[in-house]
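# Commentary on secondary and tertiary structure
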Amino acid sequence: MAIRRKKLSVIGAGFTGATTALMLAQKELGDVVLLDIPQLENPTKGKALDMLEASPVQGFDSNIIGTSNYEDTANSDIVIITAGIARKPGMSRDDLVNTNAGIMKSVCENVKKYSPESIVIILSNPVDAMTYVAYQTLGFPKNRVIGQSGVLDTARYCTFIAQELNVSVEDVRGFVLGGHGDDMVPLVRYSNVGGIPIEKLIPADRIEAIVQRTRTGGGEIVNLLGNGSAYYAPAASLVQMTEAIVKDKKRILPAIALLEGEYGYDNLFMGVPTILGGDGIEKVFELELTAEEKTALDKSADSVRNVIKVVEGN
Ligand SMILES: NC(=O)c1ccc[n+]([C@@H]2O[C@H](COP(=O)([O-])OP(=O)(O)OC[C@H]3O[C@@H](n4cnc5c(N)ncnc54)[C@H](O)[C@@H]3O)[C@@H](O)[C@H]2O)c1
Ligand SMILES: O=C(O)C[C@H](O)C(=O)O
């Protein structure tokens, strides 16, 4: 049997979608189809061609096409959904829920029709609720519907720890649990630098400042950009998750997964540590939490539930 490259479709060719498409191709994780709405077909084709023309310079052989036609995405191995509106200063991610739920449903109807065997990774916000909408619409098994939040939130947390200690980011390990909102739960107790618990290296008040900055990390970028939200680190996060799946790496990464009893939550999509491999989410890890950590996670879960209620009311 001939060996073929993976087919990776990115729905939404805006800041995050286009950046993700380029990074996927640069890492040669597969051939990339970048799709946006028909009104933006030419700009989408233009972005894809521009990226492809970088390939001789950078030396990658992934193909990239732009389209507004779902037939071009048919039989994708992985579909990454970034379609939707982004927040502006003064807005919360939850303010996007009604618009993006409608977009998510229409995108997922097409994904279900054209790529019924795909693994789907959701980025659009509010992402925990959008992953729920995608799961409902797609009807795929839970291991094939994955939301991105924890890789990004953890990346921010690790960036700030590395800055604080002036050490390599490569030696910083941590975990952020919970919903992708301002009450997410960076797990200080499970964070270390080169194996040394951060509580032995950073004073408590500075750790608290890092935790708070992580929680509002998305808003910090929104306020600086002025007219949109982060895209370089979000795209890098999507690419790390895609690589774990395409290469069946079985990486332990935080991802938004359907919880069915884990951590005491039922029928809730929220960020938890998972194994990501060729089957998508292959396992959800249940960590032991202190009473304080569980209270914080309960608060975050309540926030996610409140947004899901809005979606269910539509
Ligand atoms: N989960 C996360 O960690 C995370 C991180 C960054 C951004 N986001 C979210 O991702 C989404 C996209 O952000 P962005 O910065 O790329 O926004 P953007 O406005 O630059 O791009 C969104 C694109 O989606 C397209 N789109 C809208 N409706 C569509 C449809 N029905 N089909 C196909 N494409 C459609 C738009 O035309 C636009 O090109 C936002 O909701 C943002 O909040 C989430
Ligand atoms: O903050 C946002 O609205 C975008 C994204 O969720 C992020 O965390 O950067």
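Everything numeric in this text was worked out from a predicted model, so none of it was measured. (Residues numbered from 1 in each chain as written. Chains lettered and ligands numbered in written order. Predicted model: local features only at pLDDT ≥ 70, side-chain atom pairs only at ≥ 80, totals over all residues. Heavy atoms only, no water.)

Turning our attention to the nonpolar core. Residues Ile 81 and Met 130 are the most contacted members of the largest nonpolar core, which totals 75 residues. With near-sequence residues (within four places) excluded, Met 130 lies in contact with Val 97, Asn 100, Ala 101, Met 104, Ile 122, Ser 124, Asn 125 and Val 311. (Core = buried A, V, L, I, M, F, W, Y, C linked by side-chain atoms within 4.5 Å. Buried < 20%, exposed > 50% of the residue type's maximum accessible area, 1.4 Å probe, protein only. Contact = heavy atoms within 4.5 Å.)

We now examine unusual backbone geometry. Backbone torsion omega between Asn 125 and Pro 126 reads -10°, so that peptide bond is classified as cis. As for its placement among the helices and strands, Pro 126 is situated in the loop between strand E5 (119-122) and helix H5 (127-138). For Lys 250, which is not glycine, the phi dihedral falls at a positive 55°. Take Lys 250: it is sitting in the loop between helix H9 (232-246) and strand E12 (251-260). (Helix = DSSP H or I, 4+ residues; strand = E, 2+ residues; numbered from the N terminus.)

Turning to the UniProt feature "binding site: NAD(+)" (unreviewed entry) in the chain, a few remarks are in order. Taking the UniProt record as the reference, the feature "binding site: NAD(+)" (unreviewed entry) is found at Gly 12, Ala 13, Gly 14, Phe 15, Thr 16, Gly 17, Asp 36, Asn 100, Leu 123, Ser 124 and Asn 125. Mapping Gly 14 onto the fold places it in the loop between strand E1 (7-11) and helix H1 (15-26). Not counting the four nearest positions on each side in its chain, Gly 14 is found in contact with Thr 19, Asp 36 and Lys 47. Note on placement: Gly 17 falls in helix H1. Taking the relative accessible area as the measure of exposure, Gly 17 reaches 0% and is therefore buried. The residues contacting Gly 17, other than those within four sequence positions of it, are Val 10, Gly 12, Leu 34 and Thr 82. (UniProt positions renumbered as here; feature names shortened; annotations may be inferred.)

Our focus in this paragraph is the packing of aromatic side chains. One pass over the structure, following the stated rule, counts four aromatic pairs. For the pair Tyr 231 and Tyr 232, a centre-to-centre distance of 4.6 Å together with 40° between the ring planes defines the contact as tilted. Taking the relative accessible area as the measure of exposure, Tyr 231 reaches 18% and is therefore buried. On the accessibility criterion, Tyr 232 (57% relative accessible area) is exposed. Each residue in the set Phe 15, Tyr 231 and Tyr 232 is aromatic and connected to the rest through ring pairs, giving one cluster. A cation sits over an aromatic face here: Arg 144 above Phe 140, 4.5 Å from the ring centre. (Phe/Tyr/Trp six-rings, centres within 6.5 Å; stacked < 30°, edge-to-face > 60°. Lys NZ or Arg CZ within 6 Å of the ring centre and 35° of its normal.)

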